[in-house]
Amino acid sequence: MTVPLSILDLSPISAGSTAQDALRNTIDLAQHAEQWGYQRYWLAEHHFVSVASSSSITLIGLVAAATSRIRVGSAAVQVGHHTSASIVEAFGTIDALYPGRLDLGLGRSGHRRSQYGAEPSHPKGGHPRVDTATGRTEIRDGVVVPPPFDPGRVADRSKFLASAAALQQEGAQALDFAEQVDEVRALLGGHFVSKNGVALHAVPGEGAQVELWLFGSSGGESAVLAGQLGLPFAAAYHVSPGTALDAVDAYRAAFRPSKVLAEPYVVVSADVVVAADDATARRHAATYGHWVHSIRTGAGAADYLDPDTATPLTPEQHRLVADRLATQFVGAPSTVVERLAALQRVTGADELLVTSITHRHADRLESHRLLADAWGLRAARAA
């Protein structure tokens, strides 16, 4: 295929394992991803849930140290939980030792957009379809675009609110997203001036060879700001399939050429599980719905269950996660390549970002290896 593939890793913790296991698995997958020809290896930031990427910037440094060529970065730093100076100094420290390999992705924290849907069926030989009882689902050239999820369906927000409070100093107030992006750019560029007129220089950090990205899942502030600043943009189809295509359109409509980019550059993400055949892939992905359900009920990401022992979702549970099941790309290499190619074609993505979660680490490795071979990554790198 003609566009690069990259990997997004949450460092998930499987039932029966530990955070230490998950972190070792992340390092192992990153080293294999470099060998298989993936373009980037990005880490997500999540807190107080059963994933081990909470200190994503620390983990970025560890992955950079364990690899030699692949770009490593954040997808994305939740800026509401960090000062601009702490972000730039941390990335500057890693860049000082591994220069020119870092992607600094910034995302709004605590502002997840609508994204859910209804119950899918899986007709033999076709793409999954979603029951339109709660909204109209489109199929755009083979790409499922479900209705946006109503956040009101998440009944319990107590853990989210408690987590947000724990991640911020009492009485502190996060900056407006655009203002914080400006601060990060000023600190990297060496022209930061405090509100009382004092010039400050991030050491290390100023002049760091990092690539700045903005992340978003809708056609709102992040997409528009990335376009206006002429920065590359990542659209989260894997999290918000009902609005991610709007995000891509908004970014392109707002784009202005900059010193960074003459034309828009878009990465679009997808949730992927690949195995030797469709049936095996479906078995490996069988508890993905359970994992998403734990997030959407407000409890946050739980331990990723073993499909051999997990109890099936009830119909009511299934309806809450139906859009995410319909938009997960599961199957043999040819099946997944066909669907990824459709996503690239519909969005015009310059690059695709795949994330894969399975209970067994060996199955996740195999998923990424099979996809890399089917997409022709190693052949492309050799050429």
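Residues numbered from 1 in each chain as written. Predicted model: local features only at pLDDT ≥ 70, side-chain atom pairs only at ≥ 80, totals over all residues. Heavy atoms only, no water.

In the nomenclature of an unreviewed UniProt entry, the protein is known as Luciferase family oxidoreductase group 1 of Nocardia tenerifensis.

A. Structural view of the overall build of the protein. On a plain count of helices and strands, the protein comes out with 14 helices and 14 strands. Going through the 383 residues of the protein one by one, you find that 54% of them count as buried. Contacts spanning at least 24 positions in sequence make up 74% of the contacts within the protein whose residues lie at least 6 apart. Working note: accessible area of the protein is about 16200 Å², and carbon and sulfur atoms make up 53% of it. (Helix = DSSP H or I, 4+ residues; strand = E, 2+ residues; numbered from the N terminus. Buried < 20%, exposed > 50% of the residue type's maximum accessible area, 1.4 Å probe, protein only. Contact = heavy atoms within 4.5 Å. Areas by Shrake-Rupley, 256 points an atom, 1.4 Å probe, with all protein chains shown as cover.)

B. Summary view of the environment of T335. If you trace the backbone, T335 turns up in helix 12 (residues 333–347). Take T335: its relative accessible area is 22%, and that puts it in the partly exposed class. Sequence separation between T335 and D278 is 57 residues, and the spatial gap between their C-alpha atoms is 7.7 Å. Here T335 is in contact with D278 and V330, once residues within four sequence places are set aside.

C. Highlighting the pairing of strand 1 (residues 5–9). Burial analysis of strand 1 places five of its five residues in the buried class, which makes it a mostly covered element. Of the two faces of strand 1, the one lined by L5, I7 and D9 and the one lined by S6 and L8 are each fully buried. Bridging between strand 1 and strand 14 (residues 351–355) involves three bridges; their strand directions are parallel. Its bridge partner lying in strand 14, S6 is registered against L353. Strand direction decides the pairing type here: strand 1 and strand 2 (residues 40–43), joined by three bridges, are parallel. If you follow D9 over to strand 2, its bridge partner there is L43. Taken together, strand 1, helix 1 (residues 19–36) and strand 2 form a β-α-β motif whose crossover is right-handed. (Pairing = 2+ DSSP bridges. Right-handed = clockwise from strand over helix to strand, strands pointing away.)

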